[in-house]
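# Analysis of the macromolecular model
If you want the building blocks of each chain, they are given just below.
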Amino acid sequence: QVQLVESGGGLVQAGGSLRLSCAASGRTFSRYTMGWFRQAPGKERDFVAAITGGGNTYYADSVKGRFTISRDNAKNTVYLQMNSLEPEDTAVYYCAAGLIYINYGSLRKYDYWGQGTQVTVSS
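Report on the accompanying structure. Counting restarts for each chain: residues are numbered from 1 in the order of the written sequence. Per-residue local features are limited, in this predicted model, to residues with pLDDT of at least 70; the limit for side-chain atom pairs, both in listing and counting, is 80 or more; totals at the level of whole chains, interfaces and linings are taken over all residues. The side-chain figures draw on all heavy atoms in the structure; neither hydrogens nor water molecules are used.

### Re the overall build of the protein
- In DSSP terms, a helix is any run of H or I states spanning at least four residues, a strand is any run of E spanning at least two, and both are numbered starting from the N terminus. Of the regular secondary structure elements, the protein holds 0 helices and 11 strands.
- Order of helices (α) and strands (β) in the protein, N terminus to C terminus: β-β-β-β-β-β-β-β-β-β-β.
- Taking 14 Å as the expected radius of gyration for a compact globule of 123 residues, we find that the protein reaches 13 Å, a close match to that expectation.
- Along the first, second and third principal axes, the C-alpha atoms of the protein reach 40 × 25 × 25 Å.
- In this scheme, a residue with accessible area under 20% of its type's maximum is buried, one over 50% is exposed, and one in between is partly exposed, where area comes from a 1.4 Å probe on protein chains only. For the protein, buried positions account for 44% of its 123 residues. Using C-alpha atoms as the atom set, the radius of gyration is obtained and then compared with a globule rule of 2.2 Å times the number of residues to the power 0.38.

### Describing the pattern of salt bridges
- Basic side-chain nitrogens of Lys or Arg form a salt bridge, by our definition, when they fall within 4 Å of a carboxyl oxygen of Asp or Glu. Across all of its chains, the model carries 4 salt bridges by this definition.
- Taking the shortest distance from any N to any O, the salt bridge between K64 and D61 comes out at 3.2 Å.
- Taking relative accessible area as the criterion, D61 reaches 66% and is therefore assigned exposed.
- Between E86 and R66 there is a salt bridge, with its nearest N and O atoms 4.0 Å apart.

The structure is reproduced here in structure tokens:
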């Protein structure tokens, strides 16, 4: 069992930056692929970024070059650095974990989810 707790959300102006953190419980954190997803009001939950246990990273086209996912296995934590934020990035951001080796962008592949953290970007 893995428990995930996100933090770092908030209100920021367009062009600004935020760093989200996701702290995970459990002693096997390094085995899990960690993902970030987001859900805007009235929309489906969409893939943002993922990082494998070995450090390979994957991004949605909409955030490439602006967002960076990283992890610290010693701290059981995954991060999402978000730069050049746009109003379209406004959403609840969710952290997820799964033993995944393909289809990193598929939310159905992830077994564990956090409660989410709100990110609001004003224009």
